[in-house]
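# Structural description and commentary
Each chain is listed here by its residues.
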Amino acid sequence: YSDYISIDENSIIINCGVDWGTELCLFKEAKRIYNIDPSGPHRLSKFVKEFIKRLITEQIYIQKFLYSDEGLPETQKGRYSSTSLVDVIDEYKINKIDLIKTDVEGAERYMVKDLIRICEKFRPQLAISIYHTNHGKNKFPLTDIVDIPLRLTENLKNYSFFIGHYCFERWEIIFYCIPKEQKLVK
């Protein structure tokens, strides 16, 4: 997630989907990270747990899933409640957002409308996973690769858009939306 984005010691990040938490090492300069994931900090790798202990970055864990539980493993369904980005922003009284990163197993398709509203108000950078399938629904399995970028490029004004692909297969495709007033890293 380090391509195109810019983080500094005053950055506030909403990190949607944490799992092992390797991205937390990339966000080491941030002031505060709101980590939204049903497993909270429990699945972080040992390395990441030790790494973030040495940081001054405040880590806040929100143990809920975003929008839909369809991407959750069967063992987690029914154990956690859902939330939305707007609800998290309201509940935690977040008044500044520098980056929203998502990798929430396909729930990205449900958050686009909220992302547009959030970008209008806060102008954050976005790093959105767009490679997830539709979990057997009667649609082309990779619709998110087209639909999410199309909806965001049509609605986000004065943003630059990039796609990063970080795997030899279809996995790990990230759609970046960067406000034009932001200095590009790459």
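Residues numbered from 1 in each chain as written. Predicted model: local features only at pLDDT ≥ 70, side-chain atom pairs only at ≥ 80, totals over all residues. Heavy atoms only, no water.

Turning to unusual backbone geometry, a few remarks are in order. Here Tyr-4, not a glycine, exhibits a phi torsion of approximately 75 degrees, which is positive. Here Tyr-4 shows up in the segment before β1 (12–16). The exposure class assigned to Tyr-4 is buried, which follows from its relative accessible area of 14%. (Helix = DSSP H or I, 4+ residues; strand = E, 2+ residues; numbered from the N terminus. Buried < 20%, exposed > 50% of the residue type's maximum accessible area, 1.4 Å probe, protein only.)

In this section: the packing of aromatic side chains. Counting across every chain of the model gives 5 aromatic pairs. Put simply, the rings of Tyr-4, Phe-162 and Tyr-176 pair up and form one aromatic cluster. (Phe/Tyr/Trp six-rings, centres within 6.5 Å; stacked < 30°, edge-to-face > 60°.)

So, on to the pattern of salt bridges. Opposite charge on two side chains makes pairing possible when the charged atoms of those side chains draw close. Throughout the structure, instances matching the rule amount to 10 salt bridges. As a salt-bridge pair, Glu-50 and Lys-53 come within 3.0 Å of each other at their nearest N and O atoms. Residue Glu-50 and its partner Lys-53 are both found in helix α2 (residues 46–53); the two are separated by 3 residues, about one turn of the helix. On the basis of relative accessible area, Glu-50 is assigned to the partly exposed category, the value being 37%. Put simply, Asp-114 and Arg-117 hold a salt bridge, and the shortest N to O gap is 3.5 Å. Residue Asp-114 and its partner Arg-117 are both found in helix α4 (residues 108–122); the two are separated by 3 residues, about one turn of the helix. Given the relative accessible area of 11%, Asp-114 is considered buried. (Salt bridge = Lys/Arg side-chain N within 4 Å of Asp/Glu carboxyl O.)

In this section: the pairing of strand β7 (residues 125–129). Of all 5 residues making up β7, 5 are buried, and the element is well covered by its neighbours. Neither face of β7 is open: one carries Gln-125, Ala-127 and Ser-129, the other Leu-126 and Ile-128, and all of them are buried. The sheet contact formed by strand β6 (residues 99–102) and β7 spans 4 bridges and is parallel. Looking across to β7, one finds that Leu-99 is bridged to Gln-125. Bridging between β7 and strand β9 (residues 173–179) involves 4 bridges; their strand directions are antiparallel. What sits directly across from Ser-129, in β9, is Ile-174. (Pairing = 2+ DSSP bridges.)

As a further point, take the nonpolar core. In this structure, Ile-14, Leu-85, Leu-126 and Leu-152 are the most contacted members of the largest nonpolar core, which totals 35 residues. Elements with a contribution of two residues or more to this core: β1, β2 (32–36), β3 (58–62), α3 (85–91), α4, β7, α5 (144–155) and β9. When residues in this core are grouped by element, the largest group, 7 residues, is from α4. With residues near it in sequence (within four places) discarded, Leu-126 still touches Leu-99, Ile-100, Leu-115, Cys-119, Leu-152, Leu-156, Phe-175, Tyr-176 and Cys-177. Listed in part, the 20 residues of the second largest apolar core include Tyr-4, Cys-25, Ile-174 and Ile-178. (Core = buried A, V, L, I, M, F, W, Y, C linked by side-chain atoms within 4.5 Å. Contact = heavy atoms within 4.5 Å.)

Further remarks concern the sheet that holds β7. Strands sit in the order β3-β2-β1-β6-β7-β9-β8 across an open sheet of 7 strands; the sheet is mixed. Edge strands, defined here as strands with exactly one partner in the open sheet, are β3 and β8 (159–165). Each strand axis lies, on average, 15 degrees off the axis of its neighbour in the sheet, ignoring direction. Inspection of the sheet shows β8 paired to β9 by 7 bridges, in the antiparallel sense. Within β9, the residue paired with Tyr-159 across the bridge is Pro-179. Along the sheet face, α4 touches β6, β7 and β8 and points at about 175 degrees away from the line of β7. (Axes fitted to C-alpha atoms, helices over the stretch in contact; angles between N-to-C directions.)

To continue, consider α4. At Asp-114, α4 is deflected by roughly 35 degrees, the largest bend along its length. When α4 is considered as a whole, its buried residues turn out to be Glu-108, Arg-109, Met-111, Val-112, Asp-114, Leu-115, Ile-116, Ile-118, Cys-119 and Phe-122. Positioned one or two residues after α4, Arg-123 has a phi angle of 55 degrees, which is positive. (Bend = angle between axes of the 7 residues up to and from the residue.)

Functional significance is not addressed by these values, which are geometric in nature.
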